[in-house]
Amino acid sequence: MINVIVAGPRGKMGSAALDMIEGEDNLQLVGCIDRKNDQSRVKDIEGLPPFEAKIYEDAEQCLKETDADVLIDLTTPEFGYKHTKASLEHGVRPVVGTTGFTEEQLQEVTKLSEEKKLGAVIAPNFATGAVLMMQFAKWAAKHFPDVEIIEKHHDQKLDAPSGTAVKTAQLIKEERERKSQGHPEEKETIEGARGADVDGMKIHSMRLPGLVAHQEVVFGGDGQTLTIQHDSMNRASFMSGVKLSCEKVMELDTLVYGLEHLLE
Ligand SMILES: NC(=O)C1=CN([C@@H]2O[C@H](COP(=O)(O)OP(=O)(O)OC[C@H]3O[C@@H](n4cnc5c(N)ncnc54)[C@H](O)[C@@H]3O)[C@@H](O)[C@H]2O)C=CC1
Ligand SMILES: O=C(O)C1=N[C@H](C(=O)O)C[C@H](O)C1
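This structure is a prediction, so every number in the text was calculated from the model and none was measured.

Here we take up the UniProt feature "binding site: (S)-2,3,4,5-tetrahydrodipicolinate" (unreviewed entry) in the chain. Mapped onto this numbering, the UniProt entry gives "binding site: (S)-2,3,4,5-tetrahydrodipicolinate" (unreviewed entry) at His-154, Gly-163 and Thr-164. Residues contacting His-154, with those up to four places away along its chain left out, are Lys-12, Arg-207, Leu-208, Leu-211, Val-212 and Arg-235. Relative to the helices and strands, Thr-164 resides in helix α6 (residues 163–173). Not counting residues up to four positions away in its chain, the partners in contact with Thr-164 are Pro-124, Asn-125, Met-133, Met-134 and Gln-215. Polar contacts involving the side chain of Thr-164 include one to the side chain of Asn-125, which spans 3.1 Å.

Below you can see the structure in the form of structure tokens.
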């Protein structure tokens, strides 16, 4: 049995994680971290499954009072980072879906996990299909160095570009030399028209109601284009990855960044 804390239980992802835990025999909810409802039981919050576990506004108190093995964080970049550090400090393995950490923050929590010899998972995308899309894009970049990433999300998303787009760009960077794309003399007549620039590759972020999470990686070559596309239609798409991460993190003694390191 793996004892789990969920941070962000009323959110779109946090509530989906509670539904997932309710259906699993090897995961047990021992507490939640939320920014309201201190000391309430999860079962008393409208719309959440009938867990007896207590809600804490104070993450430290939650980590001290519950006998947790894993903390699943699905909150915001600011609090996700704080929770990840606190979790490692308390000997609880973090499984982090929250996106928007800076490079420095990622390095800091990686170092802390090494110092504590404690496993941690940070996965910008828990959907198996998205992990495959990123791996296929990495492979394609060997043959097609010209590439642009288009990510599309619901309009409540706080960070842009998405964690998945940042991770995709990082994987592509491992395969190709830095290169400027487009005409060397191109000029934006409206600022931002060409998107964000990562090592010469462009990322375009779209935010609209009705969308969930979608990405296209478009490669261009002589007389041809190749598009690798993934679509999450709902948050259930992420839950097998959250479950797998909770299980695998128990066997790790270091931090892994990306679900591809856990998939066989
Ligand atoms: N890795 C993955 O596969 C996925 C990651 N995400 C990421 O997960 C995060 C959450 O996404 P959503 O659920 O869509 O957002 P959301 O806005 O629906 O939920 C975030 C929740 O965090 C709570 N929260 C904010 N500050 C808090 C604090 N100090 N303590 C505890 N809870 C706090 C909010 O009250 C809210 O309920 C985002 O960073 C998003 O990018 C989202 C989908 C998939
Ligand atoms: O906020 C979201 O919704 C998502 N966030 C993650 C990201 O930033 O890549 C994963 C997925 O795209 C959904």
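Having seen the model, we can carry on.
Under the definition given, this model contains 21 salt bridges. Ionic pairing is found between Arg-10 and Asp-34, a salt bridge with its closest N-O pair at 2.5 Å. You can see Arg-10 sitting in the loop between β1 (2–7) and α1 (12–22) and its partner Asp-34 sitting in the loop between β2 (27–33) and β3 (54–56), a full 24 residues away along the chain. The exposure class assigned to Asp-34 is buried, which follows from its relative accessible area of 8%. A salt bridge links Glu-186 to Arg-194; its shortest N-O distance comes to 3.0 Å. Each member of the salt-bridge network shares a partner with another, and the members are Arg-178, Asp-197, Asp-199 and Lys-202.

Our next topic: the pairing of strand β7 (residues 146–153). With 8 bridges connecting them, β7 and strand β10 (residues 213–221) associate as antiparallel partners. Residue pairing across strands places Ile-150 opposite Glu-216, the latter belonging to β10.

Bringing the UniProt feature "binding site: NADP(+)" (unreviewed entry) in the chain into the picture now. As annotated in UniProt, the feature "binding site: NADP(+)" (unreviewed entry) corresponds to Lys-36 in the numbering used here. Mapped onto the fold, Lys-36 is located in the loop between β2 and β3. Accessibility expressed as a relative area gives 45% for Lys-36, which makes it partly exposed. Excluding its chain neighbours within four sequence positions, the residues that come into contact with Lys-36 are Arg-10, Ile-55 and Glu-57.

About the criteria used
Counting starts from 1 at the beginning of each chain's written sequence and moves along it residue by residue. Chains carry letters from A onward and ligands carry numbers from 1 onward, assigned in written order. In keeping with the model being predicted, local features are shown solely for residues with a pLDDT of at least 70 and side-chain atom pairs are shown and tallied solely at 80 or more, while totals for entire chains, interfaces and linings include all residues. Here the side-chain values reflect all heavy atoms present in the structure, with hydrogen atoms and water set aside. UniProt positions are given in the numbering used here, feature names are shortened, and annotations may be inferred rather than shown by experiment. We call two residues contacting when some pair of their heavy atoms lies within 4.5 Å. Runs of E in the DSSP output that reach at least two residues are strands. Runs of H or I that reach at least four are helices, and both are numbered from the N terminus. Each polar contact in these results corresponds to two N or O atoms within 3.5 Å; when the atoms are within protein, one needs to be able to donate a hydrogen and the other to accept it, and residues that are neighboring in sequence are counted only if both atoms are side-chain atoms. Salt-bridge detection follows one rule: a side-chain nitrogen of Lys or Arg within 4 Å of a carboxyl oxygen of Asp or Glu. Categorising residues by exposure relies on relative accessible area from a 1.4 Å probe, with only protein chains included: less than 20% of the type maximum marks a residue as buried, more than 50% marks it as exposed, and the intermediate range marks it as partly exposed. For two strands to pair, DSSP has to find at least two bridges joining them.

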